Amino acid sequence: MANVIQRPTIAIVGGGVGGTVLANLLARQLDEDEARLVLIDQSGHHLYQPGWLYLPFNGQDPEHLERSERSLLRHRIDLYVSRVEQVDVETRSLRLADPTGVGPTERLHYDYLVFASGARIAPEEVPGLPEALAQGSAHQFYTQEGAERLRQALHAFHDGHIAVAIGGIPYKCPPAPLEFTFLLEAYLRKRGLRERTKLTYYSPLPRAFTIESVSELAAPLLAERGIESRIFFNVTEIDHQKRLLRSLEGEEDRYDLLVIVPPHRGALIAEQSGLADAQGWLPTDRATLEVKGQEGIFALGDVTDLPVSKSGSAAHFEAAVVAERLSAAIRMRTVNPREGCYDGRVMCFMETGYAQATRIEFDYEHPPVPPKPGWFYHLEKMLFNKAYWYLVPPARV
Amino acid sequence: MPDPITIPDARIDREVDARGSFCPGPLMELIRVVRAAPVGSVLSVLSSDPGSAKDIPAWIQKAGYEFLGAYALEGYTRFVMRKTH
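Note that the structure is predicted; figures quoted are calculated from it, not measured.

Engineer: Got a sec to walk through the overall build of chain B? Specific residues and values, please.
Structural biologist: Helix and strand counts for chain B come out as two helices and six strands. Taken from N to C terminus, the helices and strands of chain B fall in the order β-β-β-α-β-α-β-β. Long-range pairs, those at least 24 residues apart, make up 60% of the contacts in chain B with a sequence separation of at least 6. Carbon and sulfur atoms form 52% of the exposed surface of chain B, whose accessible area is close to 4000 Å².

Engineer: Lay out the packing of aromatic side chains with the relevant residues and their values.
Structural biologist: Residue and element names in this part refer to chain A. Overall, the coordinates contain twelve aromatic pairs over all chains when judged by the stated rule. The interplanar angle of 35° and the centroid separation of 4.5 Å between the aromatic rings of tyrosine 48 and tyrosine 388 together place this pair among those described as tilted. Separated by 340 residues along the polypeptide, tyrosine 48 in the loop between β3 (45–47) and β4 (66–68) and tyrosine 388 in helix α10 (residues 375–391) bring together distant segments of the chain. Each of the two residues, tyrosine 48 as well as tyrosine 388, counts as buried. Centre to centre, the rings of phenylalanine 57 and tyrosine 187 are 5.5 Å apart; their planes meet at 55°, and the pair counts as tilted. Of the two residues, phenylalanine 57 sits in the loop between β3 and β4 while tyrosine 187 sits in helix α6 (residues 176–190), which places them 130 residues apart along the sequence.

Engineer: Any details on the sheet that holds strand β16 (residues 244–247) of chain A? Residues and values, ideally.
Structural biologist: All names here are of chain A. Read from one edge to the other, the open sheet built from three strands follows the order β15-β16-β17, with strand pairing classed as antiparallel. Two strands close off the open sheet at either side, each with one partner strand: β15 (235–239) and β17 (252–254). Neighbouring strand axes in the sheet, compared pairwise and without regard to direction, differ in orientation by 20° on average. Where β15 meets β16, four bridges bridge the pair, whose relative direction is antiparallel. Each bridged residue has a counterpart across the sheet, and for valine 235 the counterpart in β16 is serine 247.

Engineer: Which residues make up the nonpolar core, and what values do they have?
Structural biologist: Counting residues in each nonpolar core, the largest one holds 107 residues, and the members touching the most others are Ile10(A), Phe180(A), Leu184(A) and Trp59(B). Grouped together as the second largest cluster of nonpolar side chains are 22 residues, Tyr80(A), Leu108(A), Leu275(A) and Val303(A) included.

Engineer: Could you give an account of the pattern of salt bridges, naming the residues involved and the relevant values?
Structural biologist: Residue and element names in this part refer to chain A. Considering all chains together, one arrives at 30 salt bridges over all chains under this definition. Here aspartate 256 makes a salt bridge to arginine 254, at a shortest N to O gap of 3.1 Å. What makes arginine 254 partly exposed here is its relative accessible area of 47%.

Engineer: Requested: an account of the sheet that holds strand β4 (residues 42–47) of chain B, with residues and values cited.
Structural biologist: All names here are of chain B. Strand order across the open sheet formed by four strands is β3-β4-β6-β5, with mixed pairing between neighbours. Looking along the sheet, the strands with just one partner apiece sit at the ends: β3 (14–17) and β5 (66–73). Strand-to-strand twist in this sheet, taken as the mean axis angle between neighbours without regard to direction, amounts to 15°. Summarising the sheet, β4 and strand β6 (residues 76–82) pair through six bridges and their orientation is antiparallel. Note that in β6 the partner of serine 44 across the bridge is valine 80. Seen against the sheet, helix α2 (residues 52–63) touches β4, β5 and β6 and runs at an angle of roughly 5° to β6.

Engineer: Pulling in residues and values, what's your account of helix α9 (residues 312–331) of chain A?
Structural biologist: All names here are of chain A. Helix length check: α9, at 20 residues, gives a terminal C-alpha distance of 28 Å against a target of 28 Å (1.5 Å per residue), a fit within 8%. Of all 20 residues that make up α9, 15 are buried, and the element is covered over most of its length. Just beyond α9, the residue with positive phi is methionine 332, at close to 50°.

Engineer: I'd love a proper account of unusual backbone geometry, names of residues and values included.
Structural biologist: Residues and elements named next belong to chain A. Following isoleucine 169, the chain continues into proline 170 via a peptide bond in cis, with omega recorded as 0°. Take proline 170: it is sitting in the loop between β12 (160–166) and α6. Phi is positive for arginine 92, close to 50°, though the residue is something other than glycine. Residue arginine 92 is classed as partly exposed on the basis of its relative accessible area, which comes to 28%.

Engineer: Quick one: what's the story with the pairing of strand β6 (residues 84–88) of chain A, residue by residue and with numbers?
Structural biologist: All names here are of chain A. Pairing of β6 with strand β7 (residues 93–96) involves four bridges; the strand directions are antiparallel. What sits directly across from valine 84, in β7, is leucine 96. A loop of four residues connects β6 with β7, the two strands running antiparallel in sequence, and arginine 92 in this loop sits at a positive phi of about 50°.

Definitions and cut-offs
- Residues numbered from 1 in each chain as written.
- Chains lettered and ligands numbered in written order.
- Predicted model: local features only at pLDDT ≥ 70, side-chain atom pairs only at ≥ 80, totals over all residues.
- Heavy atoms only, no water.
- Helix = DSSP H or I, 4+ residues; strand = E, 2+ residues; numbered from the N terminus.
- Contact = heavy atoms within 4.5 Å.
- Areas by Shrake-Rupley, 256 points an atom, 1.4 Å probe, with all protein chains shown as cover.
- Phe/Tyr/Trp six-rings, centres within 6.5 Å; stacked < 30°, edge-to-face > 60°.
- Buried < 20%, exposed > 50% of the residue type's maximum accessible area, 1.4 Å probe, protein only.
- Pairing = 2+ DSSP bridges.
- Axes fitted to C-alpha atoms, helices over the stretch in contact; angles between N-to-C directions.
- Core = buried A, V, L, I, M, F, W, Y, C linked by side-chain atoms within 4.5 Å.
- Salt bridge = Lys/Arg side-chain N within 4 Å of Asp/Glu carboxyl O.
- Expected span 1.5 Å × (residues − 1).

If you want it as structure tokens, here you go:
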């Protein structure tokens, strides 16, 4: 048993897509006596965040968007439902808060550390946005509660100007505001409100979407559905009393109902670790996924500063890379460069409304070539939404 | 902190490497840095996306910042600007 006692500990902070897939991959790749696997998650609940896009339109049962993290992890993985209060790189230890908030903190030693701690929304970074959200003139669908409030607001909406805008860069799931706009337009038409509603999509870019090929597909759809597209509009301020949106480029517009992507920051623990940049993103090597300058510390998913989409798909692919690197380190073998280098791969769907969607797939070297939207991709997305629990967290795909 | 990079007429305070970025894209990466930087900073972005040659100067002009130049390097371009307000 001596080697069991001395086995190295791999600590993973965060039980989202990346952390969960990584933990389960490692449990499969490494024997129990080779490494202790620890996952720390502050809620103990795994959320399927892409489902929030559909909640405002009654297109999703919220009960299907959450599972207990324990139920998704292999037995040998130790789950701590706790908040990491401090990362001490010098002593290689984490300080964990007592979940009840009254007991003593616990110190956990690690040999390898993985930040899979995700991103958080920070509405306070746009002056006036917290007030507009509290007032109910602005809404967001980046939390389950926010998406449900938005559903009520849309249900009560009868006419006026709906603005869909982006409050900060980067944000999770780049196509989401565009998808939301398409779904909203179809929803308004179904309810007979389309003719009484002015709908505007505000893009921070010189086009509807960051990727030109996707934009070429989306722009005509916006136009043919009568959705106004305002480009180069980076929201900086909201006057919630006058219901005005103001931009970095010096423009302003009035809205009746604002749906905004709030600014995002890296998880608080990344920020407090002293390893992250001013916005909480961890400087991460684009191929090895090591936190720059920190041996034995990795980052994956939304918390990295990589120039790829903040999406579950990126976290999923990155988890396999980190698993290979950690397995190689534990077994003191060389890394398989094919499996142990992230190539920037991302794959996602983009809903375009009316039960149609397209698929966006790319990596660092290859831009996406999205196919013409069709029912097939929408069906594929719907099936994926249902199959997620069986396929992704257990690392079956 | 790494040493500031010096190019012909400017000292770069903050540079973002967005090579290989299609989504969110080099311009989005630049805007992210601009939002967080103090007024007066010289900022740059590295891009391997040919579309940046049009997009990045156009946005800098629209936002009223100072475009300091585009420098072609091996397989990518460094775009430099100053946050003037």
